[in-house]
Amino acid sequence: MTKTQPKIAIKFYQGVKDLTSNFKDEEQLIEGIKEKMNDFFNMKNICFLFGSGTSSGSIPTMKELVTKAKNEITSLSKTHVAFYESITLKDPDNLEELLGILYSSKIYFSSDASKGGELQICTEVIEVIERVIYTEINIDFNDSKHEAQLNNYKNFYHKVGFRNKDLSRISIFTTNNDMFNEYALDSLNISYINGFGGGINRFFNPAYFNYTFSKRMDTSIDKYEPIENLVYLYKIHGSVNWLEDISNANTFFNIREETSLKNLVYDSSNNVLIYPTPTKQNKSLGSPYTELFREFQKKLLEPNTVIFVIGYSFSDEHVNNIIYQSLATNSTINVVIFNDLSSKEISKINDNRIFKIYGYDSTGAKIHYFNNIIDKFIPDINMHNNEIELLRKYITENKKP
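Let me sum up the structure you'll find in this document. Computed from a prediction, not measured in an experiment: that's the story for all the values here.

This part takes up the environment of Ile-87. Within the element layout of this structure, Ile-87 appears in the loop between helix 3 (78–85) and helix 4 (95–110). The spacing of Ile-87 and Lys-11 is 76 residues in sequence and 40 Å in space, taken between C-alpha atoms. Ile-87 has contacts with Leu-98, Ile-101 and Leu-102, leaving out every residue within four places of it along the chain.

Right, let's get into the packing of helix 3 against helix 5 (residues 116–137). Between helix 3 and helix 5, whose axes approach to 10 Å, the crossing angle comes to 80 degrees. Put simply, helix 3 runs roughly perpendicular to helix 5. Across from Thr-79, His-80, Phe-83 and Tyr-84 in helix 3, the residues of helix 5 making contact are Ile-121, Cys-122, Glu-124 and Val-125. The residue inventory of the contact of helix 3 with helix 5, partitioned by class, reads five nonpolar, two polar and one charged.

Further remarks concern the environment of Lys-36. Counting through the fold element by element, Lys-36 comes out in helix 1 (residues 26–40). Between the C-alpha atoms of Lys-36 and Ala-69, which are 33 residues apart in sequence, the distance is 44 Å. Those residues in contact with Lys-36 that sit more than four places away from it in its chain are Phe-12 and Phe-355.

Quick look at helix 2 (residues 62–73) now. With 12 residues, helix 2 should reach 16 Å at 1.5 Å per residue; the first-to-last C-alpha distance of 16 Å fits that figure. All of the buried residues along helix 2 are Leu-65, Val-66, Ala-69 and Ile-73. Across the axial projection of helix 2, the buried residues extend over an arc of 100 degrees, all falling on one side.

What follows covers the packing of aromatic side chains. Each aromatic ring pair is specified by the distance between its two centres and by the angle formed by the two planes. One pass over the full model with this rule turns up 30 aromatic pairs. Ring centres of Phe-41 and Phe-308 lie 5.1 Å apart, and the angle between their planes is 25 degrees; this geometry places the pair in the stacked category. Of this pair, Phe-41 sits in the loop between helix 1 and strand 3 (45–50) while Phe-308 is found in strand 14 (residues 305–310), placing the two residues 267 residues apart along the sequence. Taking the relative accessible area as the measure of exposure, Phe-308 reaches 0% and is therefore buried. A centroid spacing of 6.0 Å and a plane angle of 25 degrees characterise the contact between Phe-338 and Phe-377, whose relative ring orientation is stacked. Pair noted here: Phe-338 is in strand 15 (residues 333–338) and Phe-377 is in the loop between helix 11 (370–376) and helix 12 (385–397), with a separation of 39 residues, a long-range link. In this structure, Phe-338 and Phe-377 share a single accessibility class: buried.

Two side chains bearing opposite charge may form a pair once their charged atoms approach each other closely. Within this structure, the stated rule accounts for 10 salt bridges. Among the ionic pairs, Lys-11 bridges to Asp-18, the shortest N-O distance being 4.0 Å. For Asp-18, a relative accessible area of 28% puts it in the partly exposed group. Between Arg-353 and Asp-351 there is a salt bridge, with its nearest N and O atoms 2.7 Å apart. Residue classification places Asp-351 among the buried positions, given a relative accessible area of 15%. Linked through salt bridges whose partners overlap, the residues forming this network are Asp-245, Arg-256 and Glu-258.

Relative to the assigned elements, Glu-257 resides in strand 12 (residues 255–257). Judged by relative accessible area, which is 7%, Glu-257 ranks as buried. Looking at Glu-257, its side chain comes within polar contact range of the side chain of Asn-194, at 2.8 Å. In this structure Glu-257 touches Asn-194, Phe-196, Arg-202 and Asn-241, once residues within four positions along its chain are discounted.

Attention now moves to the nonpolar core. Judged by nonpolar contacts, the single largest core of 76 residues is most densely connected at Phe-48, Leu-102, Ile-129, Tyr-157 and Phe-308. Of the residues forming this core, the biggest block, 10 residues, is contributed by helix 5. Membership of the second largest hydrophobic core comes to 36 residues, among which are Tyr-234, Leu-300, Val-309 and Tyr-324.

With that settled, the discussion passes to helix 1. Between the first and last C-alpha of helix 1 there are 21 Å, a value that for 15 residues agrees with the 21 Å anticipated at 1.5 Å per step. Considered for burial, the residues of helix 1 that qualify are Leu-29, Ile-30, Gly-32, Ile-33, Met-37 and Phe-40. Each buried residue of helix 1 lies within a common arc of 160 degrees when the element is viewed along its axis, so the set occupies one face. Residues of helix 1 that are exposed and point over 90 degrees away from its buried face: Glu-27 and Glu-35. Packed against the buried residues of helix 1 are strand 1 (10–14), strand 3, strand 14, strand 15, strand 16 (354–359) and helix 11.

On the basis of which strands lie adjacent, the open sheet formed by nine strands has the order 2-1-16-15-14-3-4-10-5 and mixed pairing. Strands with a single pairing partner mark the edges of an open sheet, and in this sheet they are strand 2 (17–18) and strand 5 (191–193). As judged from the six bridges shared by strand 14 and strand 15, these two strands associate in the parallel manner. The residue bridging Thr-305 from the neighbouring strand is Ile-333, located in strand 15.

Procedures and definitions
- Residues numbered from 1 in each chain as written.
- Predicted model: local features only at pLDDT ≥ 70, side-chain atom pairs only at ≥ 80, totals over all residues.
- Heavy atoms only, no water.
- Helix = DSSP H or I, 4+ residues; strand = E, 2+ residues; numbered from the N terminus.
- Contact = heavy atoms within 4.5 Å.
- Axes fitted to C-alpha atoms, helices over the stretch in contact; angles between N-to-C directions.
- Parallel < 35°, antiparallel > 145°, perpendicular 65-115°, else oblique.
- Nonpolar A, V, L, I, M, F, W, Y, C, P; charged D, E, K, R; others polar.
- Expected span 1.5 Å × (residues − 1).
- Buried < 20%, exposed > 50% of the residue type's maximum accessible area, 1.4 Å probe, protein only.
- Arc of directions from axis to C-beta.
- Phe/Tyr/Trp six-rings, centres within 6.5 Å; stacked < 30°, edge-to-face > 60°.
- Salt bridge = Lys/Arg side-chain N within 4 Å of Asp/Glu carboxyl O.
- Polar contact = N/O pair within 3.5 Å; in protein donor to acceptor, adjacent residues only side chain to side chain.
- Core = buried A, V, L, I, M, F, W, Y, C linked by side-chain atoms within 4.5 Å.
- Pairing = 2+ DSSP bridges.

These values are about where atoms sit, not about what they do.
Right, dumping it as structure tokens:
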């Protein structure tokens, strides 16, 4: 009588091929995935694409945002409530569909002078929803309820932020508008380039993405080498702390970064971020998003590149198209997706450069959640670790009895 193989709830695909059956149990599978991740981290160019899932738990879900927005709208007039309730959605919890209809209605009302009343109501409803989104993104990082999520980001950057100086720096692309990346990087004293430069007033300039930070190796001669603790951060849907500002005559991009979150309030006239709507692809054709998406495309076309996709559901066609184009034109790219996207087009592509990892471990925890990815699969590439271990070993071996 043969012993039955234990059922593994973790899925590991290469293209459309299920690799799970190659491993006898969960422990061996996790080790196998780890080995593959280590191979990827030896590639020249490492990129990450973060979606809303990486901030889940601190930033409300789409369904929760719809509920909060609806409660705010009920505090307006009965006319506003009636207008909102007249909107029919395929999915009542789909914020993207809701805002898409509202923006389309606003364009329709603005084209007819007799629709001035409807235009005002529609505009005010949109502003209520956008204010709710903005307020929920602009969280208080001193609140202990966000500590666990912030620690996830810190743990992530602690592993990947100090890459060997002989290799290219890590590039982080994110559709999130929150400030988790910046807070985590600051707390670990890791430098980052996000496209903004200046002192008191920091304005956007995509040229900064071509720069690096270097340290002087010898005080007597001009010899420099790149610093190890550097990350490139691309917020391709904007950020809660980006503001439109025309006060600087020396910049081609009128986008300023507000460094104090205490000064941030919702203002529809100068907040610069892309809200979750089907029209975001059109909005992303404007500055500074054209420059950010161009950088995304340029990075994915570099030889020997791997992009790890975490917490992103492939719901943004503009982002998806850049990934598909890179697969079509860059034969040396690999795409590693941590998510169950079996209903999405990306899961139906039979390409051995696409890897998918998702499912549950033996404890019932989702293996593709940010904290589990960091703990189980992201290798610690901190270049100083070996030096620390050697020092500890030396101290232990030479310790006096």
